[in-house]
Amino acid sequence: AQVARDPGDAKQALASAATTVEATYRFPYLAHATMEPMNCTAHVREDACDIWVPTQSQTVVRDTAAAITGLPPESVTVTPTFMGGGFGRRSAADFVEDAVHISKQVGAPVQVVYSREDDMRAGFYRPAGYNELSGALDAEGKLVAWRHRMAVPSLLREKGWVAPGAIDRVALEGAQNLPYAIPNLHVAWADVDLPISIHFWRSVGSSHNAWVTECFFDELCHAGGIDPVAGRMGLLEGHPRHQRVLQLVAEKSGWGTPLPEGRARGVAVHESFGSFVAQVAEVSLGKQGRPRVHRVVCAIDCGDVVNPDTVEAQMEGAIAFGLSAALHGRVEVSEGRVLSANFDRYPLLRMREMPRVETHIVAEGDPMGGAGEPGTPPIAPAVCNALLALTGKPVRSLPIAPIV
C-alpha cells in the first residue's frame, strides 16, 4: 500500500488507547444500469461524419469518430440527444465506436442499440473494494486515532491518466480528505489490477469511501457512547460548510426527538464535487429483516444556486440511485462471466421502496459546486448508521443483507 496521508502516529496511538475498534468493509462491483441502453446513430461519408448520440462527453465522441474515419475533428458533427440515464456510463465511447466503424464499412447510416444483456455484461463497472479500519478513543471518549487501509482498482490507471505507481486521487476521494480533526491519522491505498473493466460511476470514489468512513465513524461513536451528530460537530472545527449542513439536517429531521417504535435515524455528511451534503435517514426493519427507508432529509450547500428546483430534483435522483445500490446493487461474476445480465439478477429500487425526500438548500454565497453527484455518497452510510442505531449491528458489506 502507498501512504496517502499520515499525520501523527496512528500505530502508537492505537496501541495505547483506552478503547479500540477494528472493522473490515467490502463493497461490490456496480453496474450503471441506465434505463435507456447504450445506442448511437452514425453516418460516415467521404468528407464528413454525422453522429446522433445520448452522451455525457461530446468531445470524446467527436475525437473518437475522427480517429476512426481519419477525418479532421471539424468534419465531425455531434448531435447530443436526451439521455435515459448516464451516471458516468455515457462518458465512454465504445457504443460510438461500433456505429462509426460499421457505417464506415457499409457506406450508409447505421444505428447501434445494445440489448440489455450486451449493456450489462459488456459494460464498465464501479470498482469493488476491500477496507481495513482501526480507530481509537481515549478515556474521555475522544477520537484520537484513525487508520484506513484500502485495496481498490485504479480508475485513472485503467484510463492511462496516471503514471504507473502513482497514487490515484479518485480511489482516495472522501478518505484522503477526511475532514475530522483526528490527531493521528493514517490512510493508505493499494491498487488491485483485476481483469474486469471499470469506469466512472455517479460520485466516483466518494460513492464508496463516504460509506466506509461515515459508517466507521458511527461505529466509534457507538463504542464511546457519543451522539453521532455531536461527535461530528465536535471534530469539524475549521469546516463551517460541513457544520452548516449537518446542523440544518439535524434540525429539519428532528434529530434526537422520539420516533415510532421500531424506527431509528442515521446521519452522514460528505463533501464532493465542491458541494457539501448531509442526510438523515429514518429506517425500520420489515419482513425477513429487510431495511425499509421511510424518510430522507437532505441538506446541501452547493454555493450560489441558480435554479433551486433543479438542485432538489438532483438530490432526489441521487438519493434514489445511491439507495438502489445500497439495498440491491451487486454485479455477480463467475468463471470470467458476468451473470448480472438483466434486472432479474441486478434489481433496482422499486417505487414502493422510495422514501419521502425533503431537501433543504444552504445558500451563503460560497463558490458554486456540483449538484448532480454530491447527493449520492451520504445515503448508504445514513441508512446503515440508522440500522446500527436500531439493531446495534454494524453493516460492513454491501448490498445490505437482511438483519436477523
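Data block above holds the structure.
Bear in mind that the values here come from a model prediction, so they are computed numbers and not experimental data. (Residues numbered from 1 in each chain as written. Predicted model: local features only at pLDDT ≥ 70, side-chain atom pairs only at ≥ 80, totals over all residues. Heavy atoms only, no water.)

**Q** If you had to explain the overall build of the protein to someone new, which residues and values would you point to?
**A** What the protein contains, in helices and strands, is 10 helices and 15 strands. Its C-alpha radius of gyration of 22 Å places the protein within 12% of the 22 Å reference for a compact globule of 404 residues. Within the protein, buried positions represent 53% of all 404 residues. Contacts spanning at least 24 positions in sequence make up 75% of the contacts within the protein whose residues lie at least 6 apart. Summed over all atoms, the accessible surface of the protein reaches about 17400 Å², with 51% contributed by carbon and sulfur. One way to put it: in the protein the 36 positive side-chain charges average out to a point 6 Å from where the 45 negative ones average out. (Helix = DSSP H or I, 4+ residues; strand = E, 2+ residues; numbered from the N terminus. Rg over C-alpha atoms; globule rule 2.2 N^0.38 Å. Buried < 20%, exposed > 50% of the residue type's maximum accessible area, 1.4 Å probe, protein only. Contact = heavy atoms within 4.5 Å. Areas by Shrake-Rupley, 256 points an atom, 1.4 Å probe, with all protein chains shown as cover. Lys, Arg positive; Asp, Glu negative; His and termini not counted. Charge placed at Lys NZ, Arg CZ, Asp CG, Glu CD.)

**Q** Provide a residue-level description of the layout of surface pockets, including the pertinent values.
**A** Considered as a void within the structure, the largest pocket measures approximately 490 Å³ in volume. Around the largest pocket, the lining is made up of 19 residues, and of these Arg290, Pro291, Leu327, His328 and Glu353 lie nearest the centre. Among the secondary structure elements, those contributing two or more residues to the lining of the largest pocket are β12 (291–301) and α9 (308–328). The element that contributes the greatest number of residues to the lining of the largest pocket is β12, accounting for three residues. Among the residues forming the lining of the largest pocket, the class breakdown is nine nonpolar, three polar and seven charged. Around the second largest pocket, the lining comprises 20 residues; the ones closest to its centre are Phe87, Ala320, Phe321, Ser324 and Leu348. (1 Å grid on protein atoms, 1.4 Å probe; cavity = no way out; pocket = protein on both sides within 12 Å on 5 of 7 lines; lining within 4 Å. Points joined across faces, edges and corners; volume = space filled by probe spheres on them. Nonpolar A, V, L, I, M, F, W, Y, C, P; charged D, E, K, R; others polar.)

**Q** Provide a residue-level description of the packing of aromatic side chains, including the pertinent values.
**A** Two aromatic rings are characterised by how far apart their centres lie and by the angle between their planes. Inspection of every chain in the model, using the stated rule, returns six aromatic pairs. Ring centres of Trp146 and Phe216 lie 5.2 Å apart, and the angle between their planes is 75°; on these two criteria the pair is classed as edge-to-face. Here Trp146 is found in strand β8 (residues 143–151), whereas its partner Phe216 is found in helix α6 (residues 204–224), with 70 residues between them in sequence. Just as Trp146 is buried, Phe216 falls in that class too. A centroid spacing of 5.8 Å and a plane angle of 25° characterise the contact between Trp161 and Phe200, whose relative ring orientation is stacked. Of the two residues, Trp161 sits in the loop between α5 (155–159) and β9 (184–190) while Phe200 sits in the loop between β9 and α6, which places them 39 residues apart along the sequence. Through a chain of ring-to-ring contacts, three or more aromatic side chains come together here, namely Phe87, Trp201 and Phe321. When the ring centre of Trp201 is taken as origin, the NZ or CZ atom of Arg126, which lies over that ring, is 5.1 Å away. Over the ring of Phe124 we find Lys159, and its NZ or CZ is 5.5 Å from the ring centre. (Phe/Tyr/Trp six-rings, centres within 6.5 Å; stacked < 30°, edge-to-face > 60°. Lys NZ or Arg CZ within 6 Å of the ring centre and 35° of its normal.)

**Q** I'd like to hear about empty space enclosed by the protein, residue by residue, with values.
**A** Inspection of the entire model under this criterion finds four cavities of 30 Å³ or more. Around the largest cavity sit 15 residues that line it, and Arg126, Ser207, Gly322, Ala325 and Ala380 are the ones nearest its centre. Of all the elements in the fold, those that place two or more residues in the lining of the largest cavity are α6, α9 and α10 (379–391). Per element, the largest residue contribution to the lining of the largest cavity is three residues, and it comes from α9.

**Q** Give me the lowdown on the pattern of salt bridges, citing residues and values where you can.
**A** Evaluated as defined, the whole model comprises 20 salt bridges. Between Asp366 and Arg241 there is a salt bridge, with its nearest N and O atoms 3.7 Å apart. Taken together, the residues Asp366 in the loop between β15 (356–362) and α10 and Arg241 in helix α8 (residues 240–253) connect sequence positions 125 residues apart. Note that Arg244 is salt-bridged to Asp301, the shortest N-O span being 3.0 Å. Placement of the pair is Arg244 in helix α8 and Asp301 in strand β12, with a sequence separation of 57 residues. Bridged by salt links that share partners, the residues Arg263, Glu282, Arg295, Arg356 and Glu358 form one connected network. (Salt bridge = Lys/Arg side-chain N within 4 Å of Asp/Glu carboxyl O.)

**Q** Before we move on, can you summarise α6 with the specific residues and values?
**A** In a regular helix each residue adds 1.5 Å, so 21 residues correspond to 30 Å; α6 covers 31 Å between its end C-alpha atoms and thus fits that length. For α6, the tally of buried residues reaches 18 of 21 residues, placing the bulk of the element in the interior. Gly225 occupies a position one or two residues after α6 and carries a positive phi of about 65°. (Expected span 1.5 Å × (residues − 1).)

**Q** Hey, could you go over the pairing of strand β6 (residues 110–113) for me, with residue numbers and the actual values?
**A** Side-chain alternation along β6 places Val110 and Val112 on a buried face and Gln111 and Val113 on a face that remains uncovered. Taken together, the four bridges between strand β3 (residues 39–44) and β6 define a ladder with antiparallel strand orientation. Along β6, the bridge assignment pairs Cys40 with Val112. (Pairing = 2+ DSSP bridges.)

**Q** I'd like a rundown of the environment of Val187, residues and numbers included.
**A** In this fold, Val187 is placed in strand β9. The spacing of Val187 and Asp9 is 178 residues in sequence and 12 Å in space, taken between C-alpha atoms.

**Q** Describe the nonpolar core, naming the residues involved and giving the relevant values.
**A** Counting residues in hydrophobic clusters, the biggest one holds 72 residues, and the most contacted among them are Trp146, Trp211, Val383 and Ile400. What Trp211 contacts, discounting residues up to four positions off in sequence, is Tyr25, Arg26, Phe27, Ala380, Pro381, Cys384, Val395, Arg396, Ser397 and Leu398. With 21 residues, the next largest nonpolar core counts Cys49, Ile51, Ala65 and Leu71 among its residues. (Core = buried A, V, L, I, M, F, W, Y, C linked by side-chain atoms within 4.5 Å.)

**Q** Please provide a residue-by-residue account of the side chain of Ser324, values included.
**A** When you line up the elements, Ser324 lands in helix α9. Excluding residues within four positions of it along the chain, Ser324 makes contact with Gly329, Pro347, Leu348 and Leu349.

**Q** Now, about the sheet that holds strand β2 (residues 19–27): what can you tell me, with residues and values included?
**A** Strands sit in the order β1-β9-β8-β7-β2 across an open sheet of five strands; the sheet is mixed. The open sheet has two edge strands with one neighbour each: β1 (2–5) and β2. Strand after strand, the sheet turns through a mean of 20° between neighbouring axes, direction not considered. Sheet topology note: the β2/strand β7 (residues 129–137) ladder contains nine bridges and is antiparallel. Among the inter-strand pairings, Thr20 is bridged to a residue of β7, identified as Ala136. (Axes fitted to C-alpha atoms, helices over the stretch in contact; angles between N-to-C directions.)

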